[in-house]
Protein chains: 2
Amino acid sequence: MKSRKQPAAKNTGHTQRGQCVKRVSIVEAAAEVFCREGFSGASIDEIAAEACVSRQTIYNHYREKETLFVAVVEEVMSRANARLFSILSTFPDSDDNLEDDLTAFAVSLTRNCICNQDGKFLRKLVQSEGERYPHLFETWRQHGPGKTGTALAALFSRLAHKGALQIDDFDLAARQFLALINADLQIISLFGEALTDEQLESSSRAAVQTFLRAYGKPATRRSQLALEEANL
Amino acid sequence: MKSRKQPAAKNTGHTQRGQCVKRVSIVEAAAEVFCREGFSGASIDEIAAEACVSRQTIYNHYREKETLFVAVVEEVMSRANARLFSILSTFPDSDDNLEDDLTAFAVSLTRNCICNQDGKFLRKLVQSEGERYPHLFETWRQHGPGKTGTALAALFSRLAHKGALQIDDFDLAARQFLALINADLQIISLFGEALTDEQLESSSRAAVQTFLRAYGKPATRRSQLALEEANL
DNA sequence: GACGGATTAGACAATGGTGTCTAATTTTAC
DNA sequence: GTAAAATTAGACACCATTGTCTAATCCGTC
């Protein structure tokens with residue numbers, strides 16, 4: 001309450017950056033350890049050691065373990081959110097090769113939001129502690145998958161408007177797109193195995209191809225059909 | 001080692017059933033508590049209380065907490081497996097209404113293997129403790145999603161052979177089918193909210209429809225296409 | 001009813017974690 | 001250089017949990 005965020009307004013430059021360094025190093029380490037051990041399995045001592053910081057410093061910044069946990073989740077969530085919007089904003093406007101564009105989009109979504117450390121943290125922690133912190137869980141739902149879904153739905157709506165996609169229910173299509181993207185990863189990414197760029201690329205492309213067979217514009221789907229029948 | 005499974009061969013009937021009752025009540029309670037609290041958050045006392053059993057009895061059956069945990073995972077996994085195969089074996093042979101058949105299949109898969117207590121337990125626990133018990137994690141991969149995927153792929157191969165589906169890669173199609181089934185549930189089921197029969201039915205149908213637009217037999221997809229173009 | 005295995009409650013030491021406190025030390029601002 | 005703020009190590013009380021032990025009790029079998 002007193003002076004945790006801005007201990008003294010006179011502090012400038014170094015001190016503030018110094019504090020910041022401690023803070024991020026604490027949050028970083030805490031994310032690691034919480035993710036590895038779960039909330040109750042993670043000890044403050046372990047976090048302090050991993051952050052190269054004394055235990056007391058942690059208690060100075062965050063009153064108790066729970067405060068730290070919530071702060072970590074919020075930090076990781078906002079980082080993930082920023083990345084998501086950065087990716088969305090770079091989706092190309094041209095529609096001459098939708099499959100490639102969507103594949104590249106899926107790859108970068110996977111790499112930066114789903115398969116990285118933050119994505120793993122959020123999946124694991126929200127899953128294991130979500131019931132204990134309903135508020136947190138709700139925030140995650142709305143700012144995490146919720147926002148992703150909404151943003152994706154908007155993108156699809158734009159593409160459908162241009163005639164590149166044929167979609168009834170944009171939200172449903174968004175959820176299914178995300179699900180398809182994850183289809184191959186669910187099993188692997190839980191474990192934390194890093195997958196090669198080739199695996200990532202090919203699994204994303206497979207997802208996009210299936211998505212386009214279901215939601216691509218009629219002309220594309222018709223020629224796809226003709227091709228498949230010829231192959232018989 | 002000595003006499004944990006069958007304490008004395010002379011015991012018959014009641015005693016044996018008595019033991020069994022204790023064992024299943026312990027495993028049942030442990031599943032509950034482990035699922036709710038995670039491995040390190042779950043205390044033996046809590047499990048004992050929920051099982052209406054003394055703490056010592058638990059230590060008699062399972063040498064230590066870890067032993068109990070592994071036993072619970074194995075038990076839950078084998079139950080889930082049994083259910084899966086029971087569902088698979090009832091898939092109808094007639095192919096006059098594939099969409100309805102697949103939808104019913106998806107509904108029952110979801111209800112009995114994914115959204116029930118066992119499914120939740122496996123998702124949560126394997127996710128949070130998988131890295132601590134690689135052996136367990138491997139077993140889950142092969143006997144859980146692995147087996148489901150293989151079995152599904154076999155089903156699809158059968159259907160493709162009959163001309164009802166048009167699939168290149170059966171394993172991929174199986175993973176994507178499972179992913180689509182889960183698309184709407186991921187968010188809800190984490191939380192443990194029970195979803196209504198209507199939600200379940202409609203979300204399963206949506207998944208199946210998308211799947212069939214991508215993998216349905218050409219004739220169906222062509223008429224689907226014509227219908228959509230007429231709707232414009 | 002008596003035996004024997006299973007179960008029970010309760011006490012117990014050992015361990016490890018949380019959160020507080022203090023006194024010493026370092027870092028930063030001026 | 002000095003003062004204020006931040007950080008540190010270490011000790012501390014407190015509490016929960018694990019796993020063991022014991023003596024009493026239950027319950028089916030003979």
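Residues numbered from 1 in each chain as written. Chains lettered and ligands numbered in written order. Predicted model: local features only at pLDDT ≥ 70, side-chain atom pairs only at ≥ 80, totals over all residues. Heavy atoms only, no water.

**Digging into the environment of Ala49 of chain A**
For the record, the criterion: Every helix listed is a DSSP run of H or I at least four residues long, and every strand listed is a run of E at least two residues long, numbered separately from the N terminus.
Mapped onto the secondary structure, Ala49 of chain A falls in helix α2 (residues 44–51). Considering only alpha carbons, one finds Ala49 of chain A and Ala29 of chain A, 20 residues apart in sequence, at a separation of 8.6 Å.

**Examining the domain arrangement of chain A**
Residue and element names in this part refer to chain A. Here is the rule: Each domain's extent was defined by an automatic or database domain assignment. Any two residues whose heavy atoms approach within 4.5 Å at even a single point are treated as in contact. Here the buried area means the combined drop in accessible surface, using a 1.4 Å probe, for two parts upon being joined, counting both sides.
Structurally, chain A comprises domain 1 (13–63) and domain 2 (72–231). Computed from C-alpha atoms alone, the centre-to-centre distance between domain 1 and domain 2 is 32 Å. In this assembly, 10 residues from domain 1 lie in contact with 11 residues from domain 2. In this assembly, domain 1 packs against domain 2 so that about 820 Å² is buried in total across both faces, 66% of it on carbon and sulfur atoms. Interface area lost by domain 1 to domain 2 is led by Val27, Cys35 and Phe39, which between them contribute 58%.

**Topic: the relation of the copies chain A and chain B**
For the pair of chain copies, the relating transformation is a rotation about an axis with a translation along it. Using the following cut-off: We superpose the copies by least squares over the C-alpha atoms of residues that have a pLDDT of at least 70 in both of them.
Note on the copies: chain A fits chain B at an RMSD of 0.1 Å, the axial shift is 0.0 Å, and the rotation between them is 180°. When the rotation and shift are considered jointly, the pair of chain copies conforms to a two-fold rotation axis. For chain A, the smallest separation between a C-alpha atom and the rotation axis is recorded for Ala214 of chain A, amounting to 2.3 Å. Most of the interface of chain A is mirrored in chain B, where 100% of its interface residues again form contacts.

**Thoughts on the packing of helix α7 (residues 134–161) of chain B against helix α8 (residues 170–183) of chain B**
Residues and elements named next belong to chain B. To keep things clear, this is the line we draw: Inter-axis angles, ranging from 0 to 180 degrees, are taken between N-to-C directions of lines fitted to C-alpha atoms, where helices are fitted over the stretch in contact. Reported orientations rely on four angle classes, namely roughly parallel under 35 degrees, roughly antiparallel over 145, roughly perpendicular from 65 to 115, and oblique for the rest. Less than a right angle of anticlockwise turn of the near helix away from the far helix marks a crossing as left-handed, whereas a clockwise turn marks it as right-handed.
Two elements in contact, α7 and α8, have axes separated by 8 Å at closest approach and are oriented at 115°. Taken together, the axes of α7 and α8 lie roughly perpendicular to each other. Note that α7 runs across α8; the crossing there is right-handed. Seen from α7, the contacting residues are Thr148, Gly149, Leu152, Ala153, Phe156, Ser157 and Ala160; seen from α8, they are Phe170, Asp171, Ala173, Ala174, Phe177 and Leu178.

**Notes on the environment of Val53 of chain B**
Residues and elements named next belong to chain B. Test applied: When a residue's accessible area, from a 1.4 Å probe over protein chains only, is under 20% of the maximum for its type it is buried; when over 50% it is exposed; and in between it is partly exposed.
Here Val53 shows up in the loop between α2 (44–51) and α3 (55–61). Taking the relative accessible area as the measure of exposure, Val53 reaches 12% and is therefore buried. A sequence separation of 47 residues divides Val53 from Asp100, and the C-alpha atoms of the two residues are 46 Å apart. Not counting residues within four places of it along the chain, the set of residues in contact with Val53 comprises Lys22, Ser25, Ile26, Ala48 and Ile58.

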